[in-house]
Amino acid sequence: MAQMHLAEPLHEEARAGKFGFPVPNTIGGTPQPNEWDDDWVRFFREQRIGHQVRLAGDGRLDQLWKEICDNTDGLAALFEGVTVKPGILHGDLWSGNVAGCEGRPTIFDPACYYGHHEAEWGMSWCASFGGKFWEGYRSLIPKDVGFEKRAVLYELYHKLNHYNLFGGGYLSDAMSLMDRLNK
């Protein structure tokens, strides 16, 4: 995974420092916009979380999202001191999208885009990556300062998507993550 995240982007726009993908795609059954943007924070704020909040159509989520944006300078405060370069992401990496083939690990059912490598771990809550995995990954891509707070942001994207797909308790999960970002 680290080698994939560090690979030279195939698309000209990503090589030029833009985030997105040549086409919109889906995350599960949810449309996922991917318009190219040279600002990671704006891309993630508008095309990931903002998009999911708009799809949810819930006034409480709208209000919490507005508060988060106000309290974090539009999320920029979460990225202070971090350089974000476009890397290709699987985008929906969880245990159900990981298997083996002929003794080698295989990933499938992607929701690809070029983004911040940390965003890949937004589904870690249901991915079960062990210590050896993280040791190998971190040997190539060390953990940046502030990762724990951004991990909450990246998980929020997937919890909002799960709410939009499945409803139920994912709303309270998303609201809890939003409360954590507001602190």
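Residues numbered from 1 in each chain as written. Predicted model: local features only at pLDDT ≥ 70, side-chain atom pairs only at ≥ 80, totals over all residues. Heavy atoms only, no water.

Asks: Quick rundown of the overall build of the protein chain? Include the residues and the values.
Replies: Helices and strands together make up the secondary structure of the protein chain, namely seven helices and six strands. When the helices and strands of the protein chain are placed in sequence order, the string is α-α-β-β-α-α-β-β-β-β-α-α-α. At 16 Å, the protein chain has a C-alpha radius of gyration in line with the 16 Å of a compact globule built from 183 residues. By residue count, 46% of the 183 residues in the protein chain fall in the buried class. Summarising the internal contacts of the protein chain: among those between residues at least 6 apart in sequence, 66% fall at separations of at least 24. When the accessible surface of the protein chain is summed, it comes to about 9200 Å², and 53% of that surface belongs to carbon and sulfur atoms. Separation between the mean location of the 18 positive side-chain charges and that of the 25 negative ones in the protein chain comes to 3 Å. (Helix = DSSP H or I, 4+ residues; strand = E, 2+ residues; numbered from the N terminus. Rg over C-alpha atoms; globule rule 2.2 N^0.38 Å. Buried < 20%, exposed > 50% of the residue type's maximum accessible area, 1.4 Å probe, protein only. Contact = heavy atoms within 4.5 Å. Areas by Shrake-Rupley, 256 points an atom, 1.4 Å probe, with all protein chains shown as cover. Lys, Arg positive; Asp, Glu negative; His and termini not counted. Charge placed at Lys NZ, Arg CZ, Asp CG, Glu CD.)

Asks: Account for the packing of aromatic side chains, naming residues and giving values.
Replies: Per the stated rule, a full pass over the model turns up 21 aromatic pairs. Among the aromatic residues, ring-to-ring pairing joins Phe19, Trp40, Phe43, Phe44, Tyr113, Tyr154 and Tyr157 into one connected group. Taking the ring centre of Tyr113 as reference, the NZ or CZ of Arg48 above it sits at 4.1 Å. Over the ring of Trp125 we find Lys159; its NZ or CZ atom is 4.4 Å from the centre of that ring. (Phe/Tyr/Trp six-rings, centres within 6.5 Å; stacked < 30°, edge-to-face > 60°. Lys NZ or Arg CZ within 6 Å of the ring centre and 35° of its normal.)

Asks: Please set out the side chain of Arg150 residue by residue, giving values where relevant.
Replies: Residue position: Arg150 is located in helix H6 (residues 147-166). A residue is classified by how much of its surface remains accessible, and Arg150, at 0% relative accessible area, is buried. Setting aside its immediate chain neighbours within four residues, Arg150 contacts Leu78, Phe79, Val82, His116, Glu118, Asp144 and Val145.

Asks: So, the environment of Ala99: which residues are in play, and what are the values?
Replies: Take Ala99: it is sitting in strand S4 (residues 98-101). You can call Ala99 partly exposed: its relative accessible area is 37%. It is 23 Å that separates the C-alpha atoms of Ala99 and Tyr114, two residues lying 15 residues apart in sequence. Not counting chain neighbours up to four residues away, the residues in contact with Ala99 comprise Arg104, Pro105, Thr106 and Phe108.

Asks: Now, about the pattern of salt bridges: what can you tell me, with residues and values included?
Replies: Counted under the stated rule, the structure contains nine salt bridges. Glu155 serves as the salt-bridge partner of Lys159, at 3.0 Å between the closest nitrogen and oxygen. Pair noted here: Lys159 and Glu155 are both in helix H6, with a separation of four residues, about one helical turn. (Salt bridge = Lys/Arg side-chain N within 4 Å of Asp/Glu carboxyl O.)

Asks: Lay out H6 with the relevant residues and their values.
Replies: Here H6 spans 28 Å end to end across 20 residues, near enough to the 28 Å set by a 1.5 Å rise per residue. Of all 20 residues that make up H6, 14 are buried, and the element is covered over most of its length. Trailing H6 by a residue or two, Gly167 shows a phi angle of about 70°, which is positive. (Expected span 1.5 Å × (residues − 1).)

Asks: Can you break down the environment of Tyr114 residue by residue, with the values?
Replies: As for its position among the elements, Tyr114 is in strand S6 (residues 113-115). C-alpha of Tyr114 to C-alpha of Lys85: the two residues are 29 residues apart in sequence and 8.8 Å apart in space. A polar side-chain atom of Tyr114 sits 3.2 Å from the main-chain amide nitrogen of Leu10. For Tyr114, the side chain forms a polar contact with the side chain of His11, separated by 2.8 Å. (Polar contact = N/O pair within 3.5 Å; in protein donor to acceptor, adjacent residues only side chain to side chain.)

Asks: An account of the nonpolar core is needed here, citing residue identities and associated values.
Replies: The biggest cluster of nonpolar side chains holds 39 residues, and the ones touching the most others in it are Trp40, Ile49, Leu61 and Leu153. Residue assignment for this core shows that the elements contributing at least two residues are helix H3 (40-56), helix H4 (59-71), S6, H6 and helix H7 (170-181). Leu153 has contacts with Phe44, Ile49, Leu75, Leu78, Phe79 and Leu181, leaving out every residue within four places of it along the chain. Judged by nonpolar contacts, the second largest core, of eight residues, contains Ala2, Leu93, Trp121 and Phe147. (Core = buried A, V, L, I, M, F, W, Y, C linked by side-chain atoms within 4.5 Å.)

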